[in-house]
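The lines below spell out each chain.
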Amino acid sequence: MTALTAPRKIAKLAATNRFVVPVTAGVTILQSALVILDDGFARAGRAGQGADTAAQAADALTHVCVGVALDTVTGGASNGDVELDVDRGCYGFANSSAGDLITRADIGKSAFIVDDQTVAKTSASSTRARAGVIEDVTDEAVWVSIGKANFA
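Rules of the game
Residues numbered from 1 in each chain as written. Predicted model: local features only at pLDDT ≥ 70, side-chain atom pairs only at ≥ 80, totals over all residues. Heavy atoms only, no water. Helix = DSSP H or I, 4+ residues; strand = E, 2+ residues; numbered from the N terminus. Buried < 20%, exposed > 50% of the residue type's maximum accessible area, 1.4 Å probe, protein only. Contact = heavy atoms within 4.5 Å. Areas by Shrake-Rupley, 256 points an atom, 1.4 Å probe, with all protein chains shown as cover. pLDDT = per-residue confidence, 0-100. Salt bridge = Lys/Arg side-chain N within 4 Å of Asp/Glu carboxyl O. Pairing = 2+ DSSP bridges. Axes fitted to C-alpha atoms, helices over the stretch in contact; angles between N-to-C directions.

Peer 1: What am I meant to see in the overall build of the protein chain here?
Peer 2: The helix and strand tally for the protein chain stands at one helix and 12 strands. Along the protein chain, helices and strands appear, N-terminal first, in the series β-β-β-β-α-β-β-β-β-β-β-β-β. A buried classification covers 38% of the 152 residues belonging to the protein chain. Residue pairs at least 24 apart in sequence account for 57% of intrachain contacts in the protein chain once pairs closer than 6 positions are excluded. When the accessible surface of the protein chain is summed, it comes to about 8400 Å², and 54% of that surface belongs to carbon and sulfur atoms.

Peer 1: What am I meant to see in the confidence of the model for the protein chain here?
Peer 2: Where the model shows low pLDDT, its predicted coordinates should not be examined in detail. Averaged over every residue, the pLDDT of the protein chain is 88; residues scoring 70 or more account for 89%. Within the protein chain, strand β6 (residues 73-74) carries the highest mean pLDDT (96), whereas helix α1 (residues 53-61) carries the lowest (83).

Peer 1: Would you take a moment to explain the pattern of salt bridges for this structure?
Peer 2: A side chain of one charge can pair with a side chain of the opposite charge when the charged atoms of the two come close. Taken as a whole and assessed by the stated rule, the structure comprises seven salt bridges. The partner of Asp59 in a salt bridge is Arg46, and the shortest N-O contact between them spans 2.9 Å. Taken together, the positions of Asp59 in helix α1 and Arg46 in the loop between β4 (41-44) and α1 put the pair 13 residues apart, joining distant regions of the chain. The buried category is assigned to Arg46, whose relative accessible area is 17%. With a closest N to O distance of 2.5 Å, Arg104 and Asp136 form a salt bridge. Of this pair, Arg104 sits in the loop between β8 (89-95) and β9 (110-115) while Asp136 sits in strand β11 (residues 130-137), placing them 32 residues apart in sequence. Arg104 gets classed as exposed once you look at its relative accessible area, which sits at 53%. The structure contains a network of salt bridges with shared partners spanning Asp38, Arg43, Arg46 and Asp59.

Peer 1: Looking at this structure, how should I read the sheet that holds strand β5 (residues 64-69)?
Peer 2: Paired through their backbone hydrogen bonds, the strands of a sheet run either parallel or antiparallel. Across the sheet, which stays open at both edges, the five strands sit in the order β1-β7-β5-β3-β4 with antiparallel pairing between neighbours. The sheet is open, and its two borders are formed by β1 (18-22) and β4, each paired with just one other strand. With direction set aside, neighbouring strand axes in the sheet form an average angle of 50 degrees. The pairing of β1 with strand β7 (residues 83-87) spans five bridges and is classified as antiparallel. By the bridge assignment for β7, Arg18 is matched with Asp87.

Peer 1: Quick question: what am I supposed to make of the pairing of β7 here?
Peer 2: In summary, the side chains of a regular strand alternate between the two faces of the sheet. The pairing of β5 with β7 spans two bridges and is classified as antiparallel. Opposite Ala69, over in β7, you have Val86 as the bridge partner.

See below:
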């Protein structure tokens, strides 16, 4: 395909920001929480788990941020018994602190998941999954675009 030489109609797939994902058995995800997929099932955003940094990094590597929870749900007896509506877009989250505090200088860079409502500047030795791209930083929140780029 060659570069454009004239304007063209912009093609966009409508209404692709809202998705339904199956929930991990027994976990509760609160409305407005960052949602990750862990082995293909939704759970509230969290840092990697494990006995040491290597195990935590290996766990975090499997997490994919898929959006923000539109409802509060608790998973059923088995993975996938319950489903959750999630939305992708630009959302405000709590800022981390100290050396992981996100500033306006970080706009355009990646934000990393600390927990289901907090994002940080670094991956903490790869123990945190990527939340998305930092769009703005205000006194109220760090504004992060969550979208398909997280699946790369």
